[in-house]
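# Report on the structure
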Amino acid sequence: QVQVMESGGGLVQAGGSLRLACQASGTVFSFDAMGWYRRLPGKQRDVVATITSDGNTNYQDSVKGRFTISRDNAKNTVYLQMNSLKPEDTGVYYCVVQGETIGFGPFEHWGQGTQVTVSS
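### Observations concerning the side chain of Thr 101
Within the secondary structure layout, Thr 101 lies in the loop between strand 9 (91–100) and strand 10 (106–110). Its relative accessible area of 18% is what places Thr 101 among the buried residues. Polar contacts involving the side chain of Thr 101 include one to the main-chain amide nitrogen of Phe 104, which spans 3.1 Å.

### Here's the deal with the state of the cysteines
The tally for this structure, following the rule as stated, stands at one disulfide. Cys 22 shares a disulfide with Cys 95; S-S distance 2.0 Å. Every disulfide takes its handedness from the sign of the S-S torsion; for Cys 22 and Cys 95 that torsion is -80 degrees, giving left-handed. With a gap of 73 residues between them, Cys 22 in strand 3 (residues 18–25) and Cys 95 in strand 9 connect regions that are remote in the sequence. Comparing Cys 22 with Cys 95 shows no difference in burial state: the two are buried.

Basis of the calculations
- Residues numbered from 1 in each chain as written.
- Predicted model: local features only at pLDDT ≥ 70, side-chain atom pairs only at ≥ 80, totals over all residues.
- Heavy atoms only, no water.
- Helix = DSSP H or I, 4+ residues; strand = E, 2+ residues; numbered from the N terminus.
- Buried < 20%, exposed > 50% of the residue type's maximum accessible area, 1.4 Å probe, protein only.
- Polar contact = N/O pair within 3.5 Å; in protein donor to acceptor, adjacent residues only side chain to side chain.
- Disulfide = S-S within 2.5 Å.

In structure tokens:
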């Protein structure tokens with residue numbers, strides 16, 4: 001019932017920028033916390049950035065000052081602006097959405113992931 005569409009991944013040279021978007025949809029009571037995780041080659045999935053419904057943000061130390069997470073509550077969309085990209089940022093980026101369903105309690109939904117590749 002909850003669906004997530006990720007977009008914006010691709011190939012970019014080191015120092016370049018990409019903007020990821022994740023639009024959530026579905027008949028739910030609310031969309032609350034949203035965020036981005038990533039799986040780097042040979043590593044476990046790690047959180048990149050999160051944002052609450054009232055705008056509080058948290059970032060992984062390695063992306064502070066380079067990435068910015070934001071959201072448009074009217075569109076149920078979360079963004080990740082990635083600047084000064086490094087080859088070490090290469091990986092699969094996943095959008096995660098938390099919220100409340102109508103009649104079924106809370107939910108957590110993960111996107112399919114979008115590939116980000118940063119070349120040297």
